Amino acid sequence: LPISYLSMAGISYDRGNYSEAEGYINRAMEYMPDRAELYLNRGIVRYQQYNIKGAMADYSIAIELDPTNTLALYNRALLRSQVGEINAAQEDFNKVVQREPNNYFALFNRAIISNQIGDYQVAEADLDRIIERRPGSRSLRLPVKLAKKRTAPLPNTRSPLTRTSGEGPRGR
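Residues numbered from 1 in each chain as written. Predicted model: local features only at pLDDT ≥ 70, side-chain atom pairs only at ≥ 80, totals over all residues. Heavy atoms only, no water.

Points about the nonpolar core
By size, the foremost hydrophobic cluster in this structure holds 42 residues, and its most contacted members are Y59, L79 and F93. Of all the elements in the fold, those that place two or more residues in this core are helix 1 (2-14), helix 2 (18-31), helix 3 (36-48), helix 4 (52-65), helix 5 (70-82), helix 6 (86-99), helix 7 (104-116) and helix 8 (120-133). Sort the elements by how many residues they give to this core and helix 3 lands first, with seven residues. (Core = buried A, V, L, I, M, F, W, Y, C linked by side-chain atoms within 4.5 Å. Buried < 20%, exposed > 50% of the residue type's maximum accessible area, 1.4 Å probe, protein only. Helix = DSSP H or I, 4+ residues; strand = E, 2+ residues; numbered from the N terminus.)

Next up, the structure:
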């Protein structure tokens, strides 16, 4: 029965009916209340409904239930940075990069935050790491150059590694 609720949640999500998808996830949670992936998925659905606080709370529960859930940690970091919780976002991105050293999304976002708070060495190292492993990333050359000069904040870049505000957290 819980699997059928999850299937229906996926169908509803794909159709853009996020409220209905959340309802199906809530029903599945009645049967499986300790499943981190349910909180992760509900967080994604809640984000799609502009419920940032609810999404962050769900990601936090997913992390409590499964401390290895890097996707929940990454998504929470994105939202924390979006609401201005820069230090908490940086802590989350640090943990993601610790667990997944080649996570270019986390490296790039951590570089942006590090640059914002004046930690140019971390920003420069993260951007260098991305360029080293992804030499074709031309859209990152300007941010790397600015970070190395340590004179200006990173511009709002739209590289393949950043997420626009409409995209939100990853996964499902």
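Re the environment of M56
Residue position: M56 is located in helix 4. On a C-alpha basis, the gap between M56 and L40 in space is 9.5 Å, while along the polypeptide they are 16 residues apart. Apart from residues no more than four positions distant in its own chain, M56 is found in contact with R76, L79, R80, V83 and E85. (Contact = heavy atoms within 4.5 Å.)

Examining helix 5
A rise of 1.5 Å per residue sets the reference length of helix 5, with its 13 residues, at 18 Å; its end C-alpha atoms lie 18 Å apart and thus fit the reference within 8%. All of the buried residues in helix 5 are T70, A72, L73, Y74, N75, R76, A77, L78, L79 and R80. Looking at the buried side of helix 5, the elements it contacts are helix 3, helix 4, helix 6 and helix 7. G84 lies just past helix 5 and shows a positive phi near 90°. (Expected span 1.5 Å × (residues − 1).)

Thoughts on the confidence of the model for the protein
On average, residues of the protein carry a pLDDT of 85, and 78% of them reach 70 or more. Of all secondary-structure elements in the protein, the lowest mean pLDDT belongs to helix 9 (residues 141-149), at 63, while helix 4 reaches the highest, 98. Note that residues 157-167 has pLDDT below 50 and, in this model, 30 contacts with residues that lie over four places away or in other chains. (pLDDT = per-residue confidence, 0-100.)

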